[in-house]
Amino acid sequence: TIFGSLVALLARLFSSGQPGQRSDWQELEGCWVLRPPAGTASAAVVHFLGGAFVGAAPQLSYRLLLEGLAARGVLVVTTPFATSFDQLRTADEVQYKFDRCCKALQAEVGGLPLYGVGHSAGSLLHMLICARYAVQRTGNILMSYNNRPATDAIPFLSPILSPSARAVGPLLEQLATSPLRSGLETVSDALRGVSPSLMRQLMPVFDQLTPIYMDVAQGRQEFSPTPQETAQLLRNYYAVSRNLILKFKDDTIDDSMELTQLLQSSAAISSCLDLSLRTLDGDHVRPMTQVCTDGSKGLEQKAPRKLLC
C-alpha cells in the first residue's frame, strides 16, 4: 500500500545514528531554508523540489543531499508540495511560495546565481515552472526526470487506479473523514521516539494521501496536463538554456533521454541550449540516500561543482 511503503521509508530514513542532522533549518513563507555554515559566504542559491509524496517534507527526506550542498556554499531553499493530479496548480503554488521566500531573503540572495534542482516529480515541476513563468535561472539540474502516466510515474498508485479498485469509490467516500486512520497508528508505531517538532514536519507526507484517494474515488486517473501535453508545453515555452540532466543506471522510471532529445531537437530553446547528460550509479531513490556511503558522497559533490562552475 502507499501508506505501508511510506512508513517503511520514513522509518529507515529516521533510524538512529544517521548523519546530516543540522538543527538550523528555518521555515520561511512555506519553504525551508538552509544557509551555508557560519563563516562561509553563499556562492549560489538552489531551489530544490523533491519527488512525489516525499516532496512534502524535502528538508527531511533529502536531508543529507541538501546539507551537503549547503556545506559547499549553497543557500538552499526547498519548497514542500503535496502530490496531486493537477500538476500545473502544484507548480503555481510552489513558485508562489518560492517568490515570497526570496522576497523575505532579498538581502541575502540578491545578486546570487539561482539554480533549480529537482528529483523525479520535482524535476518535472521545475520544467513546468520555467515554461509558465519568466523566471531568472542560471540553470537547472534535473535528476531522474519523469514525465509518465500516473500509474507509471508513481508506482504506488497502480493498485488504486485499477478498474477493480475504482469500484470501491463509494467506500472511499464514506471514509473521507479519516480513510487512513489505521495507517496513522502504524506511523505512530514506526516513528515512536521522534520529537514533536520532527513529527510536525512529517505529517504533510501523510496528509496529502487523503485528497489522492478522494480524487481516485471521483474517477480521476491521470495527471493534468497529460505527459503528451507537458511535452508540447516544454517544446514551445521552456526557456532555460543551461541544463544538467542526471540519470541513474538502475532507474526504471526515468525519462531523461526523452527530455534530452526533446530539448536538443525540437524545442524553441534548442538553438541556444547548453545541456549535459550524465549517468551515475544507483537507482531512482539514490538522491534520498541518508547513509553517508562513498556513493552518496559522490552525488552531493558532483552537483555543487557543476552548479558553481
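As the structure is a prediction and not an experimental result, all values here were calculated from the model. (Residues numbered from 1 in each chain as written. Predicted model: local features only at pLDDT ≥ 70, side-chain atom pairs only at ≥ 80, totals over all residues. Heavy atoms only, no water.)

**Here we look at the overall build of the protein**
Moving on, step 1. Within the protein one finds 16 helices and eight strands.
Moving on, step 2. Expressed as a percentage of its 309 residues, the buried residues of the protein come to 52%.
Moving on, step 3. Long-range pairs, those at least 24 residues apart, make up 80% of the contacts in the protein between residues at least 6 apart in sequence.
Moving on, step 4. Accessible surface, the protein: about 13,500 Å² in total, of which carbon and sulfur atoms supply 52%. (Helix = DSSP H or I, 4+ residues; strand = E, 2+ residues; numbered from the N terminus. Buried < 20%, exposed > 50% of the residue type's maximum accessible area, 1.4 Å probe, protein only. Contact = heavy atoms within 4.5 Å. Areas by Shrake-Rupley, 256 points an atom, 1.4 Å probe, with all protein chains shown as cover.)

**Structural notes on the side chain of Asn243**
Moving on, step 1. In this structure, Asn243 sits in strand β7 (residues 242-248).
Moving on, step 2. On the basis of relative accessible area, Asn243 is assigned to the buried category, the value being 3%.
Moving on, step 3. Apart from the residues within four sequence positions on either side, Asn243 is in contact with Asn140, Leu142, Tyr238, Leu273, Asp274, Leu275 and Ser276.

**Some details on the pattern of salt bridges**
Moving on, step 1. Throughout the structure, instances matching the rule amount to seven salt bridges.
Moving on, step 2. Close ionic contact of Arg89 with Glu93 constitutes a salt bridge, the shortest N to O distance being 4.0 Å. Within this pair, Arg89 and its partner Glu93 are both found in helix α4 (residues 87-104), separated by four residues, close to a single helical turn. (Salt bridge = Lys/Arg side-chain N within 4 Å of Asp/Glu carboxyl O.)

**Considering the pairing of β7**
Moving on, step 1. Taken across its seven residues, β7 has six buried, putting it largely inside the fold.
Moving on, step 2. Relative to β7, strand β6 (residues 139-143) runs parallel, the two sharing four bridges. Note on β7: the bridge partner recorded for Ile141 is Leu244.
Moving on, step 3. Each parallel crossover has a hand, and the one from β7 via helix α15 (residues 256-265) to strand β8 (residues 274-280) is right-handed. (Pairing = 2+ DSSP bridges. Right-handed = clockwise from strand over helix to strand, strands pointing away.)

**Examining unusual backbone geometry**
Moving on, step 1. With a phi angle near 50°, Glu29 is a residue other than glycine that sits in the positive phi range.
Moving on, step 2. In this structure, Glu29 sits in the loop between β1 (26-28) and β2 (31-34).
Moving on, step 3. Its relative accessible area of 35% is what places Glu29 among the partly exposed residues.
Moving on, step 4. You will see that Ser120, though not glycine, has its phi angle at about 60°, which is positive.
Moving on, step 5. Relative to the elements of secondary structure, Ser120 occurs in the loop between β5 (114-119) and α6 (121-132).

**Remarks on the confidence of the model for the protein**
Moving on, step 1. When the pLDDT values of the protein are averaged, the result is 77; 64% of them are 70 or greater.
Moving on, step 2. Across the protein, β2 holds the top mean pLDDT of 97, while helix α9 (residues 163-166) sits lowest at 39.
Moving on, step 3. Confidence drops under a pLDDT of 50 for residues 158-185, and excluding neighbours within four residues, the segment shows 35 contacts in the predicted structure.
Moving on, step 4. With pLDDT under 50 throughout, residues 291-300 is counted as low confidence; its partners more than four residues away or in other chains account for 23 contacts. (pLDDT = per-residue confidence, 0-100.)

**As for the nonpolar core**
Moving on, step 1. Counting residues in hydrophobic clusters, the biggest one holds 26 residues, and the most contacted among them are Met127, Leu234, Tyr238, Leu259 and Leu263.
Moving on, step 2. Looking at this core, the elements that each hand over two or more residues are α4, α6, α14 (227-237) and α15.
Moving on, step 3. With seven residues, the single largest contributor to this core is α6.
Moving on, step 4. Apart from the residues within four sequence positions on either side, Leu263 is in contact with Met127, Tyr238, Ile269, Ser270, Leu273 and Leu275.
Moving on, step 5. The next biggest cluster of nonpolar side chains, apart from the first, holds 23 residues, and it includes Trp32, Leu34, Phe48 and Tyr62. (Core = buried A, V, L, I, M, F, W, Y, C linked by side-chain atoms within 4.5 Å.)

**Overview of the sheet that holds strand β3 (residues 44-49)**
What holds strands together in a sheet is hydrogen bonding between their backbones, with the strands either parallel or antiparallel.
Moving on, step 1. Ordered in space as β1-β2-β4-β3-β5-β6-β7-β8, the eight strands form an open sheet in which the pairing is mixed. Taken across any chain shown, the strands that pair with only one partner, and hence form the sheet edges, are β1 and β8. With strand direction ignored, the average angle separating the axes of adjacent strands in the sheet is 20°.
Moving on, step 2. Bridge analysis of β3 against β5 gives five bridges, and the strand direction is parallel. When the sheet's bridge partners are listed, Phe48 is paired in β5 with Val117.
Moving on, step 3. Across the sheet, α6 is in contact with β3, β5 and β6; its angle to β5 comes to roughly 140°. (Axes fitted to C-alpha atoms, helices over the stretch in contact; angles between N-to-C directions.)

**A look at the environment of Gln87**
Moving on, step 1. Looking at the element boundaries, Gln87 is found in helix α4.
Moving on, step 2. The exposure class of Gln87 is buried, given its relative accessible area of 9%.
Moving on, step 3. Considering only alpha carbons, one finds Gln87 and Leu124, 37 residues apart in sequence, at a separation of 9.0 Å.
Moving on, step 4. Ignoring sequence-local partners within four residues, the contact set of Gln87 consists of Leu124, Leu125, Leu128, Phe223, Ser224 and Pro225.

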